[in-house]
Amino acid sequence: MADSPKLPIPGRRNILITSALPYVNNVPHLGNIIGCVLSADVFSRYCRLRGYNSIYMCGTDEYGTATETKALEENCSPQEICDKYNAIHKEVYEWFDIGFDHFGRTSSPQQTEVCQAIFHKLMENNWLSENSMQQLYCDTCERFLADRLVEGTCPTQDCNYESARGDQCEKCGKLLNPTELRDPRCKVCRNTPRIRDTDHLFLELPLLRGKLEEYINDMSVAGSWSQNAIQATNAWLKEGLRPRCITRDLKWGVPVPHEKYKDKVMFPSTLLGTNQNWTLMKTISVTEYLNYETGKFSKSKGVGVFGNDAKDTGIPAEVWRYYLLSNRPEASDTLFTWADLQSKITELSNNLGNFIYRVLSYIAKPPGSGYGSIIPDAPNAELHPLTKTLAQKVNKHVDQYLDAMEKVKLKQGLKVAMSLSSDGNLYLQESEFWDLYKEDPATCSIVVKTAAGLVYLLASLLEPFMPSFSIEVLKQLNMPPETQLSLCHEKGDIDLAGRPWDILPAGHKIGNPKPLFKSMEDNEVEFFRDKFSGSQADRIVKAEAKTKKIAEKLKTTKISATEISVTRLDIRVGLIKKVQKHPDADSLYVEEIDVGEESTRTVVSGLVKYIPLEDMQVELVDPPESAQVGERVTFPGFSGEPDDMLNPKKKVWETLQTDLQTNAELVACYKGVPFTTSAGVCKVSTISEGAIR
């Protein structure tokens, strides 16, 4: 967070943004991410584009039963669990480009201070009452058992699931109280607990009903709440408000500042009862559930794709963000499937990526067939009928985009923004711009300058959804890194949407265009579907079985003295420092590579003359990030010293190369044995079962 606090500014649009605080007891999965921090990040980025004085605050929810339960499972303290998973959450969110202004923790001293101050105010205003309730108590552990610390048989007829939790049965989905379970047992010691009375403090919600209804009626209209948010809220009100227990028989939580309840902790509670001038929620954007393939995402069962899994797939963060946001479960549950992800990547490539690459690569063509990377001038562009029609479409779509985003209809906002690239592709087709350069240069300049402006506008509108994509587009437009995309009324940015030919100045030199998205092949879909099937525990068992199989294979592998062994190759971890075209041959590249020696090695590669660049799919074999530059790659089970120099007549490389390939897990192997470094095995990004040359 900045050194000086970010405060409201009189006369400005001041917006405080937060999301449901993610629980810290596990790695967040894709359903958590879209329903929580990602959606809030998109709106926060939109607010910055609009020039609003906004701040995005969030943090890990660290207190409560879930954390204590996880600590018991991992045989450590709740604090250690929180420290471990807070770091994991931060790493996942950073990779997903989540731009918090401040990401904190509910276990912080500031949180405790605020929470206890609210408690005191509620006591002063007589909104709290004392009452007793029945709860399961374990005599062996000498503690009351929170709902997740109890297991038993589900009481629901025709279910009878024997491992139902005290809060919910995972088989039939019914919400439960621990005392409803048949044959309950303590999750820690497995003994049978008994029902015992315990005193707690309750927030008198019935007394606050008037204030609450007034607040809901006003804010649901002023804040444009979604229909499902209104329906859920009214259902709770209709059911009737009851006193809510705000204390828990736990050790891990905010201490209750009351002598009688000093051994209990307090859940955070309502702000209305304090009668203080808190910033209350105005707009709420709710989601339903994102389900996974044939079932549900589940943190407890480890089912689905988790944040660290997404990173390991090699699929870029902006693609994951696009998929999740275009599939955001705003009005009903939606379904994640690998085939659907493939189709969304194709959509990105064929629609958005294709439009931008067509425009910029055309501008980058040398004079005589293009513009030598210089944006042309386009006088009287507003008089060109096709361009005028496009400008009207763009203006309308930008208005629709702003309306959707102001109402936090993120899915609609993304859909409208993407329609601009469809408009752009149609504009290029209808203008037949590929023939205009020689037949009608003036019109060609209008079309190209307008389309280039639309590229910049797309980077602006899509920045909240795919920030790294927008950074790359700015780079290809040769805009400096400090360029701030903006959609401010005050700066006239919105007005320019109706004049896209005026967005970029004539004479501006663009950068180097290149394709923005890489398609996903059918074999990759099958690979990922298989890799992420079952639970995380199942995947670990499968991986261990595969490792064991390789080890057994190595035990039976005998290398004869005359056999050519992979150890004769000196394969090292290298770092490419520089790449340039060969000065005397267009088909060659010259690379300077650091292999841990005093000076870099110069390597000349000539793949270009054998395979057309546009048809070539090549990936580097990547060692883990922490591997040391210059260290030798080894192959477990094979030992020996490398040849000082390979003798071409002995065909060592040619013999060994046929057994070098990637496996289904994208690991680089020799006869099924992984390329191994001190930091782990070497992998490629996406090409499975591929030859290594």
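From a predicted model like this one, the values you see are computed outputs, not experimental measurements. (Residues numbered from 1 in each chain as written. Predicted model: local features only at pLDDT ≥ 70, side-chain atom pairs only at ≥ 80, totals over all residues. Heavy atoms only, no water.)

Draft legend 1. Broad picture of the overall build of the protein chain. Counting its secondary structure elements, the protein chain contains 19 helices and 23 strands. Residues counted as buried form 45% of the 693 residues belonging to the protein chain. The contacts of the protein chain with a sequence gap of at least 6 include a subset with a gap of at least 24, amounting to 72%. Total accessible area on the protein chain is roughly 36,200 Å²; 51% of this is exposed by carbon and sulfur atoms. (Helix = DSSP H or I, 4+ residues; strand = E, 2+ residues; numbered from the N terminus. Buried < 20%, exposed > 50% of the residue type's maximum accessible area, 1.4 Å probe, protein only. Contact = heavy atoms within 4.5 Å. Areas by Shrake-Rupley, 256 points an atom, 1.4 Å probe, with all protein chains shown as cover.)

Draft legend 2. Spotlight on the nonpolar core. If you look at the biggest cluster of nonpolar residues, it comprises 129 residues, and the most contacted ones within it are Trp320, Trp338, Leu352, Tyr401, Leu462 and Phe465. With 14 residues, the single largest contributor to this core is helix α14 (residues 441–462). Setting aside anything within four residues of it in sequence, one finds leucine 352 in contact with Glu347, Met418, Ser421, Leu458, Leu462, Met466, Phe469 and Phe517. Counting residues in each nonpolar core, the second largest holds 18 residues, with Ala627, Phe638, Tyr670 and Val673 among its members. (Core = buried A, V, L, I, M, F, W, Y, C linked by side-chain atoms within 4.5 Å.)

Draft legend 3. Structural view of the packing of aromatic side chains. Tallied over the entire structure, the rule returns 26 aromatic pairs. Between the aromatic rings of phenylalanine 635 and phenylalanine 675, the centroid separation amounts to 5.0 Å while the plane-to-plane angle is 75°, which identifies the pairing as edge-to-face. You can see phenylalanine 635 sitting in the loop between β18 (601–605) and α19 (652–657) and its partner phenylalanine 675 sitting in the loop between β21 (673–674) and β22 (676–677), a full 40 residues away along the chain. For the pair phenylalanine 635 and phenylalanine 675, one class covers both residues: buried. (Phe/Tyr/Trp six-rings, centres within 6.5 Å; stacked < 30°, edge-to-face > 60°.)

Draft legend 4. Geometry of a nonpolar patch on the surface. Residues Val114, Trp278 and Leu280 make up a contiguous nonpolar surface patch of about 230 Å² in total accessible area. Relative to the assigned elements, leucine 280 resides in the loop between β12 (265–266) and β13 (290–292). Judged by its relative accessible area of 33%, leucine 280 is partly exposed. (Patch = residues over 30% accessible without salt bridge, like charges linked within 9 Å, V, L, I, M, F, W, Y side chains within 5 Å. Salt bridge = Lys/Arg side-chain N within 4 Å of Asp/Glu carboxyl O.)

Draft legend 5. Structural detail: the pattern of salt bridges. Tallying each qualifying case throughout the model produces 28 salt bridges. Among the salt bridges present, the one from arginine 499 reaches aspartate 502, with a minimum N-O distance of 3.0 Å. For aspartate 502, a relative accessible area of 38% translates into the label partly exposed. What you see here is one network of salt bridges that share partners, running through Asp41, Arg45, Arg321 and Glu463.

Draft legend 6. Fine view of helix α5 (residues 109–124). Spanning 16 residues, α5 covers 23 Å between terminal C-alpha atoms, matching the ideal 22 Å at 1.5 Å per step. Remark: asparagine 126 follows α5 within two positions and exhibits a positive phi of approximately 60°. (Expected span 1.5 Å × (residues − 1).)

Draft legend 7. Seen up close, the side chain of glutamate 524. Topologically, glutamate 524 is positioned in helix α17 (residues 522–531). One buried charged residue, glutamate 524, forms no salt bridge at all, with the nearest opposite charge on lysine 518 at 4.1 Å. What glutamate 524 contacts, discounting residues up to four positions off in sequence, is Lys518, Ser519 and Thr686. (Lys, Arg positive; Asp, Glu negative; His and termini not counted.)

Draft legend 8. Structural context of the confidence of the model for the protein chain. Of all residues in the protein chain, 90% attain a pLDDT of 70 or more, and the chain-wide mean is 84. Note on residues 610–617: pLDDT under 50 across the span, and five contacts to partners over four residues away in sequence or across chains. (pLDDT = per-residue confidence, 0-100.)

Draft legend 9. A negative patch on the surface, seen in detail. The grouping of Glu432, Asp435, Glu439 and Asp440 at the surface amounts to a negative patch. Summarising the element assignment, glutamate 439 is placed in helix α13 (residues 433–439). (Charge placed at Lys NZ, Arg CZ, Asp CG, Glu CD.)

Draft legend 10. Structural view of the sheet that holds strand β1 (residues 14–17). A sheet is described by the order of its strands in space; here three strands give the open sequence β1-β2-β3, paired in parallel fashion. Looking at strand neighbours, the two that pair on one side only are β1 and β3 (102–105), the edges of this open sheet. For this sheet, the mean angle separating the axes of adjacent strands, direction not counted, is 20°. Examined bridge by bridge, strand β2 (residues 53–60) and β3 share four bridges and lie parallel to one another. Following the sheet pairing, threonine 60 is matched in β3 by arginine 105. (Pairing = 2+ DSSP bridges. Axes fitted to C-alpha atoms, helices over the stretch in contact; angles between N-to-C directions.)

Draft legend 11. Focus on the pairing of strand β9 (residues 194–203). Bridge count for strand β4 (residues 128–138) against β9 is 10 bridges, and the pairing is antiparallel. Its bridge partner being in β9, glutamine 134 is matched across the sheet by aspartate 197. The sheet contact formed by β9 and strand β10 (residues 244–245) spans two bridges and is antiparallel. Its bridge partner being in β10, phenylalanine 202 is matched across the sheet by cysteine 245.

Draft legend 12. Inspection of helix α12 (residues 410–431) at higher detail. An ideal rise of 1.5 Å per residue puts 32 Å on 22 residues; α12 measures up with 32 Å between its terminal C-alpha atoms. Looking at the residues trailing α12, positive phi occurs at glutamate 432, about 50°.

Draft legend 13. Seen up close, the environment of proline 178. With respect to the secondary-structure elements, proline 178 resides in the loop between β7 (164–165) and β8 (182–186). Along the primary structure proline 178 and leucine 136 are separated by 42 residues, whereas in three dimensions their C-alpha atoms are 7.2 Å apart. Among all residues touching proline 178, those that are not within four sequence positions of it are Leu136, Asp147, Val150 and Gly166.

Draft legend 14. A look at the sheet that holds β10. Spatial strand order, β5-β4-β9-β10: four strands in an open sheet with antiparallel pairing. Across the chains shown, the open sheet's two edge strands, defined by having one partner strand only, are β5 (143–144) and β10.

Draft legend 15. Examining the state of the cysteines more closely. For the structure on display, the rule yields zero disulfides. Here cysteine 58 is not cross-linked by a disulfide; its sulfur's nearest cysteine counterpart is in cysteine 36, at 5.4 Å. Residue cysteine 58 is classed as buried on the basis of its relative accessible area of 7%. (Disulfide = S-S within 2.5 Å.)

Draft legend 16. View of unusual backbone geometry. The backbone of asparagine 75 shows a phi angle near 55°, a positive value even though the residue is not glycine. Relative to the helices and strands, asparagine 75 resides in the loop between α3 (65–73) and α4 (78–95). According to the relative accessible area criterion, asparagine 75 is exposed, its value standing at 72%. Positive phi is not limited to glycine here, since valine 408 has a value of about 55°. Using a relative accessible area of 12% as the deciding quantity, one classes valine 408 as buried.

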